[in-house]
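# Inside the fold
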Amino acid sequence: MLETLLETLKTGSGFWNPVVWAVAIVIIFLLVYILRGFGKKEYKKETGQTQAFLSGNPEYEKESMHVKGSNVYWGFTETLKSVYAVLKRMHNGNASDYVLWFLIILAVVFIFVGLI
Amino acid sequence: MNLIDILIQHSPPLIVAVPLFSAFLIPLVSRINEKVRNAFALVMMSITGFFIALLASDVFANGPRIYVFGAKDLAIPVVRILFEVDSLSVFMAIVTFILVFVSLVYSWSFMKKENDGLDKYYTLILLLVTSTLGMELTGDIFNFFVFLEISCISSCALIAFWVHKAEALEAAFKYIVISSIGALFVLFAIGIFYAQYNALNIATLSNVLQFTFLDKIALVLLVVVLGMKAGLVPMHMWLPDSYGQAPPSVTIVIIGATQASLYGAFRIISTIYGNFFNSTDLSVVNFVLNTNAIGWVIIILAILTILIGVVMALIQTDFRRLIGFVAVAEIGYIFLGMGVRLASKYVESVGNVPTAIVFPAYGSIALQGSIFHIINDCLDISLLFLVAGAIYYATRETSLDEMSGLARKMKYTTVFFLIGLLAVSGVPPMNGFSSKLLIYESTYQLNPIISIIAILASIMLLAVFVKVFYSAFLGPKISKFENVEEVPKSMLIGMGVIACIIIIFGLFPNMIIHYLVEPAANALINNAQYISTVLGGV
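Here is what the cut-offs are and how they apply
Residues numbered from 1 in each chain as written. Chains lettered and ligands numbered in written order. Predicted model: local features only at pLDDT ≥ 70, side-chain atom pairs only at ≥ 80, totals over all residues. Helix = DSSP H or I, 4+ residues; strand = E, 2+ residues; numbered from the N terminus. Rg over C-alpha atoms; globule rule 2.2 N^0.38 Å. Buried ≥ 20, exposed ≤ 12 C-beta atoms within 10 Å, placed from the backbone. Contact = placed C-beta atoms within 7 Å. Pairing = 2+ DSSP bridges. Expected span 1.5 Å × (residues − 1). Arc of directions from axis to C-beta. Bend = angle between axes of the 7 residues up to and from the residue. pLDDT = per-residue confidence, 0-100. Core = buried A, V, L, I, M, F, W, Y, C linked by C-beta atoms within 7 Å. Axes fitted to C-alpha atoms, helices over the stretch in contact; angles between N-to-C directions. Parallel < 35°, antiparallel > 145°, perpendicular 65-115°, else oblique. Nonpolar A, V, L, I, M, F, W, Y, C, P; charged D, E, K, R; others polar. Left-handed = near helix turned anticlockwise from the far one by under 90°.

### Some words on the overall build of chain A
Across its full length, chain A holds five helices and two strands. What you see in chain A, going N to C, is helices and strands ordered as α-β-β-α-α-α-α. The C-alpha radius of gyration computed for chain A amounts to 28 Å, which surpasses the reference 13 Å derived for 116 residues by more than 25%, pointing to a less compact arrangement than a globule. Principal-axis analysis of the C-alpha atoms gives chain A an extent of 75 × 60 × 25 Å. When burial is assessed residue by residue, chain A has 7% of its 116 residues classed as buried.

### Observations concerning the overall build of chain B
Summing up its helical and strand segments, chain B has 20 helices and four strands in all. Relative to the globule expectation of 24 Å for 538 residues, the C-alpha radius of gyration of chain B, 23 Å, shows essentially globular dimensions. Dimensions of chain B, computed from C-alpha atoms along their principal axes, come out at roughly 75 × 55 × 40 Å. In chain B, which comprises 538 residues, the share counted as buried stands at 60%. Put simply, of all contacts in chain B between residues at least 6 apart along the chain, 80% involve residues at least 24 apart.

### Let's talk about the pairing of strand 3 (residues 346-350) of chain B
Residues and elements named next belong to chain B. Judged by how many residues are buried, strand 3 sits mostly at the surface: zero of five residues are covered. As paired strands, strand 3 and strand 4 (residues 353-358) are joined by five bridges and run antiparallel to one another. By the bridge assignment, glutamate 348 is partnered in strand 4 with alanine 356. Linking strand 3 to strand 4, which pair antiparallel, is a turn of two residues; within it glycine 351 sits at a positive phi near 70°.

### Things to note about helix 18 (residues 489-507) of chain B
Think of an α-helix as turning once every 3.6 residues; residues three or four places apart then point the same way. With 19 residues, helix 18 of chain B should cover 27 Å at 1.5 Å per step; its first-to-last C-alpha distance of 26 Å lies within 8% of that length. Buried within helix 18 of chain B we find Met491(B), Leu492(B), Gly494(B), Met495(B), Ile498(B), Ala499(B), Ile502(B), Phe505(B) and Gly506(B). Taken down its axis, helix 18 of chain B places every buried residue within 160° of arc, on the same side. Elements that come into contact with the buried residues of helix 18 of chain B comprise helix 2 (18-37) of chain A together with helix 3 (87-110), helix 14 (361-395), helix 15 (411-424), helix 16 (431-446) and helix 19 (509-525) of chain B.

### Looking at helix 14 of chain B
Residues and elements named next belong to chain B. An ideal rise of 1.5 Å per residue puts 51 Å on 35 residues; helix 14 measures up with 50 Å between its terminal C-alpha atoms. Bending of helix 14 peaks at approximately 25° at the position of histidine 373. Where burial is concerned, most of helix 14 is hidden: 31 out of the 35 residues are buried. Of the residues flanking the end of helix 14, it is arginine 396, one or two places downstream, whose phi is positive at about 65°.

### Concerning the environment of Pro13(B)
Tracing the chain through its elements places Pro13(B) in helix 1 (residues 3-30). Those residues in contact with Pro13(B), other than ones at most four positions away along the chain, are Tyr67(B) and Phe83(B).

### Focus: the confidence of the model for chain B
Looking at chain B, the pLDDT average stands at 92 and 98% of residues meet or exceed 70. In the model output, the complex is listed with pTM 0.94 alongside ipTM 0.91.

### Observations regarding unusual backbone geometry
Residue and element names in this part refer to chain B. The residue after valine 233, namely proline 234, is reached through a cis peptide bond having omega 0°. Within the secondary structure layout, proline 234 lies in the loop between helix 8 (213-230) and helix 9 (238-245). The backbone of phenylalanine 211 sits at a positive phi, close to 60°, despite the residue not being glycine. Positionally, phenylalanine 211 belongs in the loop between helix 7 (202-208) and helix 8. Residue phenylalanine 211 is classed as partly exposed on the basis of its 16 C-beta neighbours within 10 Å. Backbone geometry at arginine 396 places phi at a positive 65°, although glycine is not the residue there.

### Looking at the nonpolar core
Within the largest apolar cluster, 214 residues are counted, with the highest numbers of intra-cluster contacts made by Val326(B) and Leu383(B). Looking at which element gives the most residues to this core, the answer is helix 14 of chain B, with 21 residues.

### What about the interface of chain A and chain B?
The interface is formed by 39 residues belonging to chain A together with 52 residues belonging to chain B. Residue assignment for the side of chain A that touches chain B shows that the elements contributing at least two residues are helix 1 (2-6), helix 2, helix 4 (81-90) and helix 5 (95-115) of chain A. Of all the elements, helix 5 of chain A adds the most residues to the side of chain A that touches chain B, at twelve residues.

### Concerning the packing of helix 3 of chain B against helix 18 of chain B
The relative placement of two packed helices comes down to the angle between their axes together with the axis-to-axis distance. All names here are of chain B. For the pair helix 3 and helix 18, interaxial distance at closest approach is 6 Å and the crossing angle is 155°. When the interaxial angle is binned, helix 3 and helix 18 end up roughly antiparallel. Where helix 3 abuts helix 18, its residues Ile98, Val102, Val105, Tyr106, Trp108, Ser109 and Phe110 lie against Ser490, Met491, Ile493, Gly494, Val497, Ile498 and Ile501. Of the residues assigned to the contact of helix 3 with helix 18, the class counts are eleven nonpolar, three polar and no charged.

### Some remarks on the packing of helix 15 of chain B against helix 17 (residues 448-473) of chain B
All names here are of chain B. Where helix 15 contacts helix 17, the axes come no closer than 9 Å and their chain directions differ by 165°. In terms of axis orientation, helix 15 runs roughly antiparallel to helix 17. Of the two possible hands of crossing, helix 15 and helix 17 adopt the one that is left-handed. Contacts between helix 15 and helix 17 involve Thr414, Phe417, Leu421 and Val424 from the former and Leu461, Phe465, Phe469 and Phe473 from the latter. Classifying every residue of the contact of helix 15 with helix 17 by side-chain character gives seven nonpolar, one polar and no charged.

### Describing the environment of Tyr106(B)
Residues and elements named next belong to chain B. By the element assignment, tyrosine 106 lies in helix 3. Sequence separation of tyrosine 106 and glycine 389 is 283 residues, and the distance between their C-alpha atoms is 9.6 Å. Apart from the residues lying within four places of it in its own chain, the contact partners of tyrosine 106 are Ser249, Leu386, Ser490, Met491 and Gly494.

### Brief notes about the environment of Ala23(B)
Residues and elements named next belong to chain B. Here alanine 23 shows up in helix 1. Here the alpha-carbon distance between alanine 23 and threonine 251, two residues 228 residues apart in the chain, equals 18 Å. Among residues more than four places away in sequence, those in contact with alanine 23 are Thr123, Leu126, Leu127 and Thr130.

Spelled out as structure tokens, the structure:
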């Protein structure tokens with residue numbers, strides 16, 4: 001049981017042992033933490049060092065500066081605008097269209113399986 | 001025969017009967033008080049779990065088990081229903097049990113604020129469990145249809161549980177339209193079988209099937225309908241609607257029902273049509289091309305499912321709808337494994353003379369990855385839905401645009417979200433990584449481009465949830481969430497149980513594959529054992 005528990009997973013062309021991976025990650029984190037300890041300690045809380053620098057402009061209220069969910073990846077969605085236009089047309093919420101897609105796939109697979 | 005043997009012998013019907021009778025007893029028990037009702041549902045589900053555990057230990061040790069309702073002698077012409085439970089059925093029953101048990105624990109606090117209808121809520125949940133377990137345990141195709149119908153009706157009622165919300169009613173309406181049409185086609189396919197072979201038993205059908213033109217029609221009808229019920233693109237649109245509008249405690253039970261449809265599709269391809277698609281007998285050498293063709297159809301639909309699921313998830317601003325699209329993408333990974341197995345079959349030849357039909361080793365690994373991903377998908381997506389439910393419980397918000405800084409107020413929920421995020425995105429060492437690794441590597445050996453698309457989609461999944469983490473959990477405190485508190489203990493326990501299972505499955509994947517996944521995959525590969533258990537055993 002214990003042997004199976006800790007055994008390496010063979011994937012046919014590779015392998016995966018999460019326990020070894022987890023131990024390695026813990027060691028790496030420890031090393032990083034130790035290295036971090038050698039860093040400078042002059043950081044002063046609640047001074048100008050902690051204020052955001054926005055090209056000299058004043059900082060807005062924190063609440064109004066939060067990037068909302070719909071704005072994250074704006075560049076990505078803007079670039080794929082044409083793809084999203086097609087996908088949104090597909091997802092129009094109309095139950096008849098849902099049935100239509102089902103019938104289309106049924107017909108396509110019928111033709112495909114009928115031909116073979 | 002001792003008591004345990006008797007219980008094991010009768011466990012297949014009891015697994016279905018216990019939640020069924022509990023469902024009808026719930027309105028009576030509700031009259032005592034709500035705590036007794038909640039405890040009753042939990043206890044009855046635990047008893048069901050006990051029978052599942054007994055049956056699982058027996059099936060994994062001794063092979064498939066059958067239970068006959070009606071005359072045992074096949075020569076007597078009476079109506080009989082047969083349950084046939086193999087490793088795959090048991091595997092699915094375990095998945096269903098975990099989801100339902102967690103749902104009931106979570107519901108204890110989550111549904112407390114509901115003033116009315118909780119007796120109906122618990123009744124419907126238990127009916128849905130009955131139907132899901134019935135679909136997974138039955139060995140009769142018509143019986144499968146009956147349980148599918150019960151599942152549709154109870155799911156529809158549960159999706160519309162928040163009846164005061166127009167969107168919930170609309171989602172339930174769409175669900176029942178799609179389900180009813182699908183069920184009609186399933187009935188039509190069953191009619192085709194019955195008209196040709198005078199049989200409804202899955203093992204008998206598997207034994208006598210000739211792969212006639214009518215059988216091809218039945219195959220297409222069944223697989224496309226069950227694919228739609230599982231959420232295969234482009235027939236998936238009902239899924240984000242329903243998952244997004246049902247109470248999250250209900251959604252995770254519906255996920256179990258959805259996986260039962262997926263199980264049905266696998267059972268039909270590998271068991272009913274197994275003599276053609278699984279066979280390595282040279283007498284069916286002509287079916288290798290058919291098997292590859294079906295495999296490639298599934299692969300194409302699976303890749304579309306993964307891509308459209310992920311791409312659509314990226315632009316969602318409603319948290320639960322976003323997870324709904326991610327659930328669609330995850331279904332694609334499961335179908336991909338099955339498709340790769342079918343597409344990998346080939347004929348070995350010396351000159352032009354075929355010498356053997358072979359499934360390469362990576363085909364079986366793809367199937368194992370696919371089955372392992374069923375349980376991983378259920379756990380990961382369920383945890384994320386429970387987190388979404390916790391946020392809704394605490395803030396009454398579902399829009400990501402309206403959320404910010406929740407990690408400051410809901411520390412445990414944030415940790416559970418992070419576990420779900422890493423698991424569903426396939427980040428090591430979580431469970432999603434192990435199953436996806438099996439799928440990626442086997443797919444790579446069939447076609448590297450498909451594997452690369454699947455990996456890129458998984459990276460996009462991580463991006464989707466990074467967006468959620470950033471917009472909902474990080475960021476500044478906002479004034480309207482000043483009084484937000486962590487959710488009650490029962491909800492945390494529900495999420496915690498799933499999170500623990502995810503971590504255990506992630507750290508010890510070999511154990512899960514060895515004891516659960518491999519036997520389930522072998523049950524699909526070796527349909528001869530399924531057939532001989534019935535035809536040689538009744």
